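Reading the structure
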Amino acid sequence: MPVSPLINCEVLTRLSEASLQRDYHHTENIPCHTRRVLVRIEGMQQAESYGQRLPDQVDRITSLFDAHLGLVADVRDLYRDRAGLEREYAAKLQLLAKKATEKRSKAAVSLVAGDGPTKPCTETTIRQNTLVNAYAQIITSISNAAQDHINLADTIATRVTEPLKALEHQNDDLKRKQSQFYQKLLSERDLFYQDRLKNKQKYDDNCREVEIYRQKQGHAQQDRHAERAARQYEQHRIDMLTSKNVYLISIAVANSVKDKFYYEDLPNLQDIFQDLQTRLVKNCATILLQAQTIQVAHQDNLKNRLTSAMVAIDGIQPDKDQNIFIDSNIRSFNVPSDWVFEPCGGHYDTDGVCLEPTPKVFLQNKLARSRRKLQELEPTLDAKRGEAEKCASLVAAYSADDTLGNIDDAVNGYLDAQHQAAYLSTSGLVLRSEVDTIATALGDDEGGSSPHDFKGSSFSIPTACGYCKASIWGLSKLGKTCRACGLSVHSKCELKVPAECTGIRGDHRVIEVVTRTSSTVSRSRTNASPPDDRLHGDTRSPSGRVVFDFLASSAFELSVSEGMVVHVLEEDDGSGWVKVTDGHGGTGLVPASYLEMLDLEMPEGPGSSESSQGVGQFVRVMYDYQAQGPDELSITEGETLELSSGLNGGQNYAEGWWEGYSGDGQKGIFPSNYVDLG
């Protein structure tokens with residue numbers, strides 16, 4: 001993408017002309033031929049764009065720029081040495097010409113085609129380069145200027161050597177600034193690349209943790225710590241889903257940053273390099289023309305010898321030379337492909353954004369935060385872009401009239417403003433990418449309209465986190481407190497709290513974490529119903545057989561043993577719990593997944609089998625799964641399973657788990673995302 005038209009080759013040409021006018025400040029008369037040359041330089045055509053024709057070749061472009069700076073140094077050395085040799089007369093001038101010819105021969109390929117061109121750089125190609133030809137003609141004119149005198153040497157030292165040295169230092173500083181900007185762009189881009197990799201690693205680690213706690217839960221099913229194991233498993237599963245969402249977001253961010261880098265930042269940087277190179281070449285040509293003009297003014301007898309050199313310099317065309325460089329370095333280039341979601345090897349999952357209640361709250365809060373930051377950033381970005389435009393206008397004004405100010409300061413100011421605008425633009429791109437990704441996933445459900453106004457806090461006494469209930473205490477565990485309602489949470493829990501602030505100090509809702517697993521379901525039952533008054537063992541109630549031992553952990557639960565027949569007083573209302581009586585006076589809640597309803601079983605008859613309890617709905621296994629407990633079913637990719645029937649069978653078994661029969665009639669549960677219902 002080309003740079004802004006507010007600063008282009010035409011502007012830089014005017015800068016060159018302004019520099020030339022300053023250099024000729026003490027010269028009363030400029031030869032008419034030199035004036036025609038200046039007009040020719042200013043009217044040169046625009047070269048093809050480096051950013052469009054040479055994508056991602058900053059190193060080679062920088063190398064070409066260094067070669068031109070080297071040429072400026074060589075020419076400066078050439079004229080400096082010539083000034084000394086003029087005092088030693090013609091013999092040493094011939095030696096100088098020989099040394100310059102050798103330097104020119106060594107640097108010719110780098111000046112024309114750069115380092116490592118894709119096409120061989122022949123002598124014919126070198127002769128087509130106007131800058132190299134002009135330099136060669138200058139060397140020839142030096143060889144013929146053996147009779148020049150000491151006054152000419154003094155003039156060359158003051159009017160050629162010093163301006164070339166200033167030009168070299170000035171452009172070296174500009175090149176260094178652009179190179180540092182390029183490295184910062186790379187570093188900034190790589191930070192987002194690394195962030196994607198870190199989020200990928202965190203997601204993989206969380207997936208493995210989920211499997212570890214899942215196994216722990218399976219081992220603890222008959223233990224008094226079963227419920228705690230279930231809660232730990234579910235918390236790690238939620239953390240895994242959240243890390244997956246963060247990973248997906250980081251993928252979108254990395255892709256957006258990558259596109260901006262290759263389609264905007266990199267082409268802009270290369271085009272600016274090209275403009276700086278154009279200005280360097282034109283200024284160098286201007287100084288060289290001045291050197292030739294000085295010689296003509298001081299030595300009429302050298303005019304005929306210098307004419308050929310002036311014609312060659314007159315023919316310097318940066319656009320033509322740059323087109324030769326482009327043609328010698330065209331390479332096939334494709335922008336790297338977008339990153340996509342990579343499933344974890346230890347835990348199967350899809351590439352969809354998880355919209356379960358708890359992860360969804362995180363997404364909703366992150367969406368609100370990103371939008372808020374984007375709104376805050378946009379005015380700053382607009383102001384910085386406006387500043388860059390003003391600096392560009394200043395450059396144009398100083399180019400037209402150098403008495404208004406220092407043109408070099410104006411160019412530096414423009415580059416600084418343009419760089420800062422690029423950094424802010426990347427930040428805005430990241431925020432917009434986050435907003436678009438999350439908003440697309442959430443649809444119309446963007447959460448509550450009353451977000452908490454959290455601020456950083458430290459706690460001198462232990463305080464319970466309003467989300468995870470863990471203690472917040474001390475400087476090492478800084479938390480946050482809502483300014484409106486006073487709710488305190490860990491910093492890590494901030495985005496997990498629903499946007500339901502009451503706005504009343506001390507009046508905030510207690511957040512409940514509901515978890516569900518394949519073998520147990522736990523929830524807060526502070527307001528659980530009292531024991532039912534119905535007669536124990538009422539034959540009118542549905543019956544069920546206990547398939548796993550369950551140890552009550554509160555007064556509202558009932559301990560039962562495997563094989564026991566119980567009567568259901570209250571069926572599962574979606575919470576995963578049923579109220580039963582054991583026929584011995586005991587009444588309470590047990591997990592619905594621990595019961596096998598007897599009323600729904602069909603009696604066996606001739607030719608019938610256990611698979612007759614299925615619903616006639618079949619699923620195909622997409623991934624292998626090894627059973628982790630007696631209630632689970634080992635399945636193999638490609639196998640067909642029949643879903644079981646009943647209120648708690650088939651797809652109704654539990655969240656993330658279905659129940660069914662294998663081909664040999666074995667019954668068990670299996671992960672629902674390991675099978676295809678179609």
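Below is a short write-up of the structure. (Residues numbered from 1 in each chain as written. Predicted model: local features only at pLDDT ≥ 70, side-chain atom pairs only at ≥ 80, totals over all residues. Heavy atoms only, no water.)

**Brief notes about the packing of helix α12 (residues 357–400) against helix α13 (residues 407–442)**
Running from N to C, α12 and α13 point in directions that differ by 160 degrees, and their axes come no closer than 7 Å. The orientation of α12 relative to α13 falls into the category roughly antiparallel. In the packing of α12 onto α13, the handedness of the crossing is left-handed. (Axes fitted to C-alpha atoms, helices over the stretch in contact; angles between N-to-C directions. Helix = DSSP H or I, 4+ residues; strand = E, 2+ residues; numbered from the N terminus. Parallel < 35°, antiparallel > 145°, perpendicular 65-115°, else oblique. Left-handed = near helix turned anticlockwise from the far one by under 90°.)

**Some remarks on the pattern of salt bridges**
On inspection of all chains with the given rule, the structure shows 31 salt bridges. A salt bridge links lysine 177 to aspartate 416, with the shortest nitrogen-to-oxygen separation between them at 3.3 Å. With a gap of 239 residues between them, lysine 177 in helix α8 (residues 150–219) and aspartate 416 in helix α13 connect regions that are remote in the sequence. Aspartate 416 sits in the partly exposed class, given a relative accessible area of 35%. Salt-bridge contacts for lysine 200 lead to aspartate 204; the nearest nitrogen and oxygen are separated by 3.1 Å. One end of the pair, lysine 200, and the other, aspartate 204, are both in helix α8, four residues apart, so they sit about a helical turn from each other. (Salt bridge = Lys/Arg side-chain N within 4 Å of Asp/Glu carboxyl O. Buried < 20%, exposed > 50% of the residue type's maximum accessible area, 1.4 Å probe, protein only.)

**Here we look at the packing of aromatic side chains**
The geometry of an aromatic ring pair is captured by the separation of the ring centres together with the interplanar angle, meaning the angle of the planes. In the structure shown here, the tally under the stated rule is 14 aromatic pairs. On the basis of an interplanar angle of 25 degrees and a centroid distance of 6.0 Å, the ring pair of tyrosine 203 and tyrosine 247 is categorised as stacked. A residue pair is termed long-range when its members are at least 10 positions apart, and tyrosine 203 in helix α8 and tyrosine 247 in helix α9 (residues 226–298) qualify at 44 residues. Each member of the pair, tyrosine 203 as well as tyrosine 247, is classed as buried. For the cation-ring pair, arginine 189 lies above phenylalanine 261, with the distance from its terminal atom to the ring centre recorded as 4.5 Å. (Phe/Tyr/Trp six-rings, centres within 6.5 Å; stacked < 30°, edge-to-face > 60°. Lys NZ or Arg CZ within 6 Å of the ring centre and 35° of its normal.)

**Quick word on the sheet that holds strand β8 (residues 543–546)**
Read across the open sheet, the five strands follow the order β11-β10-β9-β8-β12; overall the sheet is antiparallel. What marks the edges here is a single partner per strand, and that holds for β11 (587–591) and β12 (595–597). This sheet shows a mean twist of 50 degrees between the axes of neighbouring strands, independent of strand direction. Bridge analysis of β8 against β12 gives three bridges, and the strand direction is antiparallel. (Pairing = 2+ DSSP bridges.)

**Concerning the environment of glutamate 209**
Take glutamate 209: it is sitting in helix α8. What makes glutamate 209 partly exposed here is its relative accessible area of 32%.

**Quick word on helix α7 (residues 130–144)**
Across its 15 residues, α7 extends 21 Å between first and last C-alpha, which sits within 8% of the 21 Å expected from 1.5 Å per residue. Burial in α7 covers these residues: Thr130, Leu131, Val132, Ala134, Tyr135, Ile138, Ile139, Ser141 and Ile142. Two or three places before leucine 131, at the start of α7, stands the capping residue asparagine 129, its side-chain oxygen 3.0 Å from that residue's backbone nitrogen. (Expected span 1.5 Å × (residues − 1). Polar contact = N/O pair within 3.5 Å; in protein donor to acceptor, adjacent residues only side chain to side chain.)

**Some details on the environment of lysine 480**
The residue lysine 480 is located in strand β4 (residues 479–482) in this model. With 26 residues separating them in the primary sequence, lysine 480 and phenylalanine 454 have C-alpha atoms 5.6 Å apart. Among the polar contacts made by the side chain of lysine 480, one reaches the side chain of glutamate 494 at a distance of 2.7 Å.

**Some thoughts on the pairing of strand β10 (residues 577–581)**
Burial within β10 is extensive, with five of its five residues counted as buried. Across the two faces of β10 the burial is the same, with Trp577, Lys579 and Thr581 and Val578 and Val580 all buried.

**Examining the sheet that holds strand β1 (residues 454–457)**
One open sheet accounts for three strands, arranged β1-β4-β5; its pairing is antiparallel. Strands with a single pairing partner mark the edges of an open sheet, and in this sheet they are β1 and β5 (488–490). When strand polarity is set aside, the average angle formed by the axes of neighbouring strands in this sheet is 35 degrees. Bridging between β1 and β4 involves four bridges; their strand directions are antiparallel. When the bridges of β4 are listed, serine 457 appears paired with glycine 479.

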